[in-house]
Amino acid sequence: MRTTRNVLDTLRRTPALLQSLLIRTQFEQILLTTLLEWQPGSLSESLRSDAREVLPRHVRFAEDYIRTHADEPITIELLTGLTGVSGRTLYSGFQKFRGITPMRYLRDVRMEHARSDLQDPARPHSVTEVATRWDFFQLGRFASEYRKRYGECPATTLRRTS
């Protein structure tokens, strides 16, 4: 409240300050931030939280690429070439910010797609078709990982949606 009063008092005493775009922008930012803090709303909790996630560019870029190209062959070499960082930097970025390796992230994305395909009643398919479409060629391992993640085997998901 004091901050807002001080800003308004300063502007009343020296209106010429508003001629500067930089000063005007800073005053506006202070006032809006103060109002957002005062007025409770749906974003109040997130404004008070310090848990803002800022991913390094190379991690964000690799994640975006993996999400949009999950049905294509993806290797660490490809990701390092696209992101412009070494394999070690890419691995450490994923470990630090995601707690997993880039290839584990890729498997997780592909697993989500496989589940989505198994749940799609409009597409006639088998578990083998879906698994191999998403690059899971060890079917026993696929079924085991799927069961751990979703609490049922892939065939059960497929039967339920058919």
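A brief look at the structure comes next. (Residues numbered from 1 in each chain as written. Predicted model: local features only at pLDDT ≥ 70, side-chain atom pairs only at ≥ 80, totals over all residues. Heavy atoms only, no water.)

Observations regarding the overall build of the protein
Condition: Helix and strand labels come from DSSP, where a helix needs a run of H or I of at least four residues and a strand needs a run of E of at least two; each type is numbered from the N terminus. What the globule rule says is 2.2 Å times the number of residues to the power 0.38, and the radius of gyration is computed from C-alpha atoms. When accessible area is computed with a 1.4 Å probe and restricted to protein chains, residues below 20% of their type maximum are described as buried, those above 50% as exposed, and intermediate ones as partly exposed.
The number of helices and strands found in the protein is 10 helices and 0 strands. Each helix and strand of the protein, placed in order from N terminus to C terminus, yields the pattern α-α-α-α-α-α-α-α-α-α. Taking 162 residues into account, the globule formula puts the C-alpha radius of gyration at 15 Å, and the protein, at 25 Å, lies well above it. In the protein, which comprises 162 residues, the proportion classed as buried is 30%.

Considering the environment of A122
Mapped onto the secondary structure, A122 falls in the loop between α7 (102–118) and α8 (127–133). For the pair A122 and T161, spaced 39 residues apart in sequence, the C-alpha separation works out to 9.2 Å.

What about a nonpolar patch on the surface?
Heads up, the rule is: For patches, a residue must show more than 30% relative accessible area and have no salt bridge; joins then use 9 Å for like charges and 5 Å for nonpolar side chains, namely Val, Leu, Ile, Met, Phe, Trp and Tyr. Every accessible area reported is derived by Shrake-Rupley at a probe size of 1.4 Å, with residue values counting cover from the shown protein chains alone. By definition, a salt bridge exists where a carboxyl oxygen of Asp or Glu is found within 4 Å of a side-chain nitrogen of Lys or Arg.
A surface patch of nonpolar side chains, about 310 Å² in accessible area, is lined by L32, L35 and W38. Checked against the element boundaries, W38 lands in helix α2 (residues 21–38). Among the residues examined, W38 registers a relative accessible area of 44% and is labelled partly exposed.

Overview of the layout of surface pockets
Put simply, the rule is: Of the two site types, the cavity is a set of points on a 1 Å grid over the protein atoms alone where a 1.4 Å probe fits but cannot get out, and the pocket is an open set with protein on both sides within 12 Å along at least five of seven lines, each lined by residues with an atom within 4 Å of a point. Grid points are joined across faces, edges and corners, and a volume is the space filled by probe spheres set on the points. Polarity classes work like this: nonpolar for Ala, Val, Leu, Ile, Met, Phe, Trp, Tyr, Cys and Pro, charged for Asp, Glu, Lys and Arg, and polar for all others, with Gly in that last group.
Within this model, the largest pocket holds a volume of roughly 190 Å³. At the level of elements, α7 and α9 (139–150) are the ones that each hand at least two residues to the lining of the largest pocket. The element contributing the most residues to the lining of the largest pocket is α9, with 3 residues. Split by residue class, the lining of the largest pocket holds 4 nonpolar, 1 polar and 5 charged.

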